[in-house]
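Here is how the chains run, residue by residue.
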Amino acid sequence: MVFEDIRRADEHPETDFNDEAELMKFVRASRWISVDVGAYRLLRLNWVTTLMASIVLWGFTIAALIEPTDVLTEAKVWQSWVTQNFTWLYIGSQNAWALFLLYLCFSKYGKLKLGRSDEQPEFSDISWFAMLFSCGIGVGIYFWGVSEPMYYYRAGYSNALWKIPMNNDDDRAQQAIFTTLFHWGLHGWVVYIVVAVALSVVCYRWNMPLTMRSAFYPLLGNLIYSPLGDFIDALSIACTTFGVCTSLGFGVSSINNGLHKLNSSIEVTVDNQIIIIWVITIIATVSITMGLKSGIQTLANVTFAIGLFLLFALMFLDNTWYLLNSYVQSTGHYFQWIVQVGFQCDTFQQLQYELQNSKDKNLLWGSSSSKLYDNMVTANALTTHGAAGVLSEDAMYNSHAAEFMDWWTVFYWGWWISWAPFVGMFIARISRGRTIRQLILGGFFAPIVFSFLWLVVFGSLGIKMQRVAELALGTVNDVNWQTGSVDCTALGYTGGQPTSAAALALANEGYYALACRAHGDRIYDIMAPYKEVTTFLTLLVVIGVALYFITSSDSGSYVDDILAAQGLPNPPLIQKIFWAFTEGSLATALLKVGKDGNALGALQSVSICAGLPYTLAICFLCVSLWRALKIDQGDDDIMHGGKWATDSLDIFDFFNPGPANAVVTPRFKPMERLISLIKGTFAPFLQMYSASKSIHGESSIRAKVDAGLGFTWFILWIVFLGVSGGGGMGEWAYIGWGFYMFLVM
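Per-chain numbering applies: the sequence of each chain, read as written, is numbered from 1 onward. It should be noted that, the model being predicted, local features are given only for residues of pLDDT at least 70 and side-chain atom pairs only at 80 or more, the latter also being counted only at that level, while totals for whole chains, interfaces and linings use all residues. As a rule here, side-chain values cover all heavy atoms of the structure and leave hydrogens and water aside.

Undergrad: Describe the state of the cysteines, listing the residues and the values that go with them.
TA: We call a pair of cysteine sulfur atoms a disulfide when they lie within 2.5 Å. Summed over the entire model, instances satisfying the criterion amount to one disulfide. The side chain of Cys-488 participates in a disulfide bridge whose partner is Cys-516; the two sulfur atoms lie 2.1 Å from each other. Across the S-S bond of Cys-488 and Cys-516 the torsion is about -90 degrees, and the bridge reads as left-handed. Here Cys-488 is found in the loop between β4 (485-486) and β5 (493-494), whereas its partner Cys-516 is found in the loop between α20 (501-508) and α21 (522-525), with 28 residues between them in sequence. Across the pair, exposure class does not vary: Cys-488 and Cys-516 are buried alike. Left without a disulfide partner, Cys-622 is nearest to the cysteine sulfur of Cys-619, which lies 6.5 Å away. By definition, any uninterrupted DSSP run of H or I lasting at least four residues is a helix, any uninterrupted run of E lasting at least two residues is a strand, and each is numbered from the N terminus. Burial status follows relative accessibility: with a 1.4 Å probe on protein chains alone, a residue under 20% of its type maximum counts as buried, one over 50% as exposed, and anything between as partly exposed.

Right, dumping it as structure tokens:
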């Protein structure tokens, strides 16, 4: 990139990207479609980005509608493959991003204004927080508020979980609350804030369009105008839509269950949920057409107010002091254990995949070609346990399930990450005029304070209700706190419904054994003890979920629309309708895939798989943000440091990267660049020699030593790959890959 090309906000007039002429300074003319019908704007879009995103989204949608069973099976396999091979990446990256943000917040860069130095925030603090919270986690806290702590606390099957030390059932209850807060706390919001800060710095301080490719400009330079930039925006649209549809699937399930509670003639079926999706999609489309301030801001404020009222009502209706105790205690446990659990990858629990070496479960990369795994099969065949086969780790070592990360933590991180382009862009859109420190502290901690209160209140009420049921209906033998299991049959429950006289009588008093109830019933069950206002509270939940559903849907479509139009703030109406329709269709397909009671599994699979490529993208985005801040402040190490003359990624722009719509004479001809790339690929030691000479001098012995070592490692890599066989994945091949690592390091 050329530093002189940066249009700093304090040095240039504010750019209005509603003016298509201004936007076209950042768009390749060959990518842009502009169609008018008379005086009516019909289309304004980047056709490459739109086509790539549409192929992915509609390809998945059509496949899911035609072959739902095959799509679900394949999605579950990919989900498990991602978890088994990349848990370390999901866990490690979240922590690295959090530390990076905290450093930025309290560094000299924290005081930088996102916009001109005299610019004031566009939205008030209350509206800003309401929109931030509504688009960030709204539907999820309704869907999981009661159920997630209950999943960790108690189930009708062996449900061992060991995340923090436990001595009794009180500790298990606290672990259930803590684990829920862990999944909704700092590690979740960090990815949103990284994207929001990166976009805000580049777009508001450098006058660039608000689109994801712009955030990579400090790292990629003019390559953001190439097909690589189109791919970044298309990937962002796909991740946004998959992530939003995951939440919509959760939300429509809650709405359907709530309507059934209010009117038993409304059955809980996939068909009814699809109807709800399309009704709300239509409403969300209307909201989009009204714009950000008239539509989305108003909805966010109303939705947040309803949720706040419901929360306070439950605190006053129940044991207020118990709930406040739980909030204070749970917050303390969160900060006590967050570092340890935040780095926990379930290392030894997931070893079960390798030890059992079952073909349908062991998806570790390379397991199909390594003799190590064949030896494991032989060892397993020597078991002395008879027909039972090899004992599982939970039976032998009292471990919790190897699949826990697959079911929960990695799913959550994938879900949050798949939402990152959507929520991060939206937060950036509403944060102009604030400082980096305000954005990080406000976006990081303010939503957590409120969401923790919500999750603690709902989770604690659920645990309280479960204990009431166990004390009334069960005995000591019916509950095993160590495995987190309860005998639902002994408590008088069959198929999620109370069937014994005692269980029915207790249900009439408003108390249920929540661990034995269906997931969709639980949030409404905790309203049952407040008999006079139960229907009113149930109605509030249904309205709250519906409005959060609409807010998430219209915000997601709004962001998709802007990305497809390469930063045009107000694209034509037909494009808004297209993306809202695409979102509704994908949500419908996901429900169809999971129609046989596995809708949750389908949603989890899509989130985890969609989050993986964006995890890698955000790691590079952090580098881009760091470069942006140093360039913006004129730090010597970057302003006067050496620069590479060429870049291997230039191949994406046919070795001639340049501004969006300007002809640039390349320093080297394309054929020279191609030859250099081929040499670097097949004889990297020659390039190492050239680079080392430029650093250490023409006659330097160090340059010859570097080239000699590079040649040695390269040849050894090739030799060991050749003698290994097995497609380069045999045991000797891994020795060769070890030499390759010496080469690249």
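Undergrad: Help me get a handle on the nonpolar core, residues and values and all.
TA: Each nonpolar core is a collection of buried residues, namely Ala, Val, Leu, Ile, Met, Phe, Trp, Tyr and Cys, held together in the definition by side-chain atoms within 4.5 Å. The biggest cluster of nonpolar side chains holds 203 residues, and the ones touching the most others in it are Met-212, Leu-310, Tyr-412 and Phe-458. In terms of residue count, the dominant contributor to this core is helix α19 (residues 436-473) (18 residues). Between two residues, a contact is recorded if the distance between any of their heavy atoms is within 4.5 Å. Ignoring anything within four residues of it in the chain, the contact list for Leu-310 reads Tyr-142, Trp-454, Phe-458, Met-527, Leu-537, Leu-540 and Val-541.

Undergrad: Kindly report on the environment of Leu-590, identifying the contributing residues and their values.
TA: Here Leu-590 shows up in helix α23 (residues 573-593). Its relative accessible area of 1% is what places Leu-590 among the buried residues. As a C-alpha pair, Leu-590 and Tyr-103 span 487 residues in sequence and 40 Å in three-dimensional space.

Undergrad: Lay out the packing of helix α22 (residues 534-564) against α23 with the relevant residues and their values.
TA: In this analysis an axis means a line fitted to C-alpha atoms, helices contributing only their contacting stretch, and an angle means the value between N-to-C directions, from 0 to 180 degrees. Direction vectors running N to C along α22 and α23 enclose 125 degrees, while the axes themselves pass 9 Å from each other. Overall, the two elements α22 and α23 adopt an arrangement that is oblique. Note on packing geometry: the crossing formed by α22 with α23 is right-handed. Along the contact surface, α22 presents Ser-553, Gly-556, Ser-557, Asp-560, Asp-561 and Ala-564, while α23 presents Gln-575, Lys-576, Trp-579, Ala-580 and Glu-583. Residues were grouped as follows: Ala, Val, Leu, Ile, Met, Phe, Trp, Tyr, Cys and Pro as nonpolar; Asp, Glu, Lys and Arg as charged; and all remaining residues, including Gly, as polar. Residue composition of the contact of α22 with α23, by class: three nonpolar, four polar and four charged. Relative orientations are named as follows: roughly parallel for angles under 35 degrees, roughly antiparallel for angles over 145 degrees, roughly perpendicular for angles from 65 to 115 degrees, and oblique for any other angle. With the far helix as reference, a near helix turned anticlockwise by less than a right angle produces a left-handed crossing, and one turned clockwise produces a right-handed crossing.

Undergrad: Please set out a nonpolar patch on the surface residue by residue, giving values where relevant.
TA: Together, Phe-711, Ile-715, Val-719, Val-723, Trp-732 and Ile-735 give the surface a local cluster of nonpolar side chains, amounting to about 560 Å² of exposed area. At the level of elements, α28 (701-724) and α29 (731-744) are the ones that each hand at least two residues to the nonpolar patch. A total of four residues in the nonpolar patch trace back to one element, the largest contributor, which is α28. Within the secondary structure, Val-723 is located in helix α28. Any residue with relative accessible area above 30% and no salt bridge may belong to a patch, with like charges joined within 9 Å and the nonpolar Val, Leu, Ile, Met, Phe, Trp and Tyr side chains within 5 Å. Working definition of accessibility: Shrake-Rupley area with a 1.4 Å probe, residue cover restricted to the visible protein chains. Salt-bridge detection follows one rule: a side-chain nitrogen of Lys or Arg within 4 Å of a carboxyl oxygen of Asp or Glu.

Undergrad: How would you summarise the pairing of strand β2 (residues 40-46) if you had to cite specific residues and measurements?
TA: Strand pairing is assigned whenever DSSP identifies at least 2 bridges connecting the two strands. Pairing of strand β1 (residues 32-37) with β2 involves six bridges; the strand directions are antiparallel. Among the inter-strand pairings, Asp-36 is bridged to a residue of β2, identified as Arg-41. Two successive antiparallel strands, β1 and β2, enclose a turn made up of two residues, where Gly-38 displays a positive phi of approximately 65 degrees.

Structural measurements only, silent on function.
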